[in-house]
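A look at the structure
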Amino acid sequence: GLLYFFTRLSMKFFLTIYICSVVNQNCAEVPVKDHDYDRFYKTHYECIQKGLGESYSVLFDGKHFTTEVVNTAELYPKFMCEKVEDPKAPEEPA
């Protein structure tokens, strides 16, 4: 029935990571060239799990932000998992 229909849709979840500043009151997307991470996931669960891990890594790996910068700008990570059509899925015949 309906459950079968929804499970047959070719959907993925697109992960976008941001670093935000309380002091500057803004957020900026983390460029993939600065921190390479997978962007597409099969399930919401996988996307959220990776979003937590990758955003933690961006903020605390020491490559991008020092402790002083995190404290001074009051940085925090933010991410979102947006449901999108699978770009690699074959189109179904009409």
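Here is a short report on the structure shown in this document. Note that the structure is a prediction, hence the values are computed from the model and not measured.

Examining the overall build of the protein
Looking only at helices and strands, one finds 3 helices and 4 strands in the protein. Starting at the N terminus and ending at the C terminus, the protein contains elements arranged as α-β-β-β-α-α-β. Buried residues in the protein amount to 26% of all 94 residues. Summing over all exposed atoms, the protein offers an accessible surface of approximately 7,100 Å²; the carbon and sulfur share of this is 55%.

What to know about the state of the cysteines
As enumerated under the stated definition, the model contains 2 disulfides in all. A sulfur-sulfur distance of 2.0 Å marks the disulfide that ties C20 to C27. Its torsion about the S-S bond being 105°, the disulfide of C20 and C27 is classed as right-handed. Across the protein, the way the bonded cysteines pair up, counted in sequence order, is 1-2, 3-4.

Re helix 2 (residues 44-60)
Helix length check: helix 2 (17 residues) gives 24 Å between terminal C-alpha atoms against 24 Å at 1.5 Å per residue, within 8%. Listed as buried for helix 2 are C47, G51, E54, S55, V58 and L59. All buried residues of helix 2 lie within an arc of 125° about the axis, which places them on one face of the element. Facing away from the buried surface of helix 2 by more than 90 degrees, the exposed residues are Y45, L52 and Y56.

What to know about the nonpolar core
Ranked by internal contacts, the top residues of the largest apolar core, which has 14 residues, are L15, I19, C47 and L75. For this core, the elements supplying multiple residues, two or more each, are strand 1 (11-21), helix 2, helix 3 (67-73) and strand 4 (75-85). Ranked by the residues each element gives to this core, the list is headed by strand 1, at 4 residues. Setting aside its immediate chain neighbours within four residues, L15 contacts Y37, D38, R39, Y41, C47, K50, G51, F79, M80 and C81.

Regarding unusual backbone geometry
A positive phi angle, near 55°, is found at Q25, a position not held by glycine. Tracing the sequence through the fold places Q25 in the loop between strand 1 and strand 2 (26-29). By relative accessible area, which is 73% here, Q25 ends up exposed. Even without a glycine there, the phi angle at E74 is positive, about 50°. Following the sequence through the fold, E74 ends up in the loop between helix 3 and strand 4.

Reading the values: the criteria
Residues numbered from 1 in each chain as written. Predicted model: local features only at pLDDT ≥ 70, side-chain atom pairs only at ≥ 80, totals over all residues. Heavy atoms only, no water. Helix = DSSP H or I, 4+ residues; strand = E, 2+ residues; numbered from the N terminus. Buried < 20%, exposed > 50% of the residue type's maximum accessible area, 1.4 Å probe, protein only. Areas by Shrake-Rupley, 256 points an atom, 1.4 Å probe, with all protein chains shown as cover. Disulfide = S-S within 2.5 Å. Expected span 1.5 Å × (residues − 1). Arc of directions from axis to C-beta. Core = buried A, V, L, I, M, F, W, Y, C linked by side-chain atoms within 4.5 Å. Contact = heavy atoms within 4.5 Å.

Interpretation in functional terms is not warranted from these geometric data alone.
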